[in-house]
Amino acid sequence: KHLIQHSARHPGEILSDFYLRPLGLDSAEAAIYLKLSEEHLKAITNAESPITREVATALSTALDTTVELWISLQQNFERSVRFRLAAEIKRDGME
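Residues numbered from 1 in each chain as written. Predicted model: local features only at pLDDT ≥ 70, side-chain atom pairs only at ≥ 80, totals over all residues. Heavy atoms only, no water.

A.B. asks: Outline unusual backbone geometry, supporting the account with residue identities and numerical values.
C.D. replies: Its identity is not glycine, yet A47 carries a phi of approximately 60°, on the positive side. Looking at the element boundaries, A47 is found in the loop between α3 (38-45) and α4 (53-63). (Helix = DSSP H or I, 4+ residues; strand = E, 2+ residues; numbered from the N terminus.)

See the structure below:
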């Protein structure tokens, strides 16, 4: 039985690559625009912090997207991490 590779990107990487960089915003400018601390925004874009409902709301308002988009991206990422961990545990248990 083969496991399908399943890997989703952290939503902070998507935020950075598809929104902030194309708009020419650095983390300081984007943090002000999004009403987040620069440290929090950096943690999100560095995939060190999740997109919470509050952050999703700020992103959806500032970027003309939906809260559901950001929540869905976060859930997909978390599902991908769980899947990879379960596959590693299963693989390690078979060795």
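A.B. asks: Before we move on, can you summarise the nonpolar core with the specific residues and values?
C.D. replies: For soluble globular proteins, the rule of thumb is that nonpolar side chains tend to be buried together. L15, L41, I51, L59 and W70 are the most contacted members of the largest nonpolar core, which totals 19 residues. A total of five residues in this core trace back to one element, the largest contributor, which is α4. When residues no more than four places from it in sequence are discounted, the contact partners of L41 are L15, L20, S27, A30, A31, L34 and L36. (Core = buried A, V, L, I, M, F, W, Y, C linked by side-chain atoms within 4.5 Å. Buried < 20%, exposed > 50% of the residue type's maximum accessible area, 1.4 Å probe, protein only. Contact = heavy atoms within 4.5 Å.)

A.B. asks: Talk me through α4; I want residue IDs and the actual numbers.
C.D. replies: Those residues of α4 not exposed but buried are V55, A56, A58, L59, S60, A62 and L63. Taken together, the buried residues of α4 touch α1 (11-23), α2 (27-34), α3 and α5 (67-94). One or two steps after α4, the chain reaches D64, where phi turns positive at roughly 55°.

A.B. asks: Any details on the pattern of salt bridges? Residues and values, ideally.
C.D. replies: Enumeration over the complete set of coordinates arrives at four salt bridges. Ionic pairing is found between R9 and D17, a salt bridge with its closest N-O pair at 2.3 Å. On the basis of relative accessibility, which here comes to 28%, the residue D17 falls in the partly exposed class. A salt bridge links R21 to D17; its shortest N-O distance comes to 2.5 Å. Remark: D17 and R21 occur in helix α1; sequence separation between them is four residues, near one turn of the helix. R21 sits in the exposed class, given a relative accessible area of 58%. A single salt-bridge network, built from bridges that share partners, covers R9, E13, D17 and R21. (Salt bridge = Lys/Arg side-chain N within 4 Å of Asp/Glu carboxyl O.)

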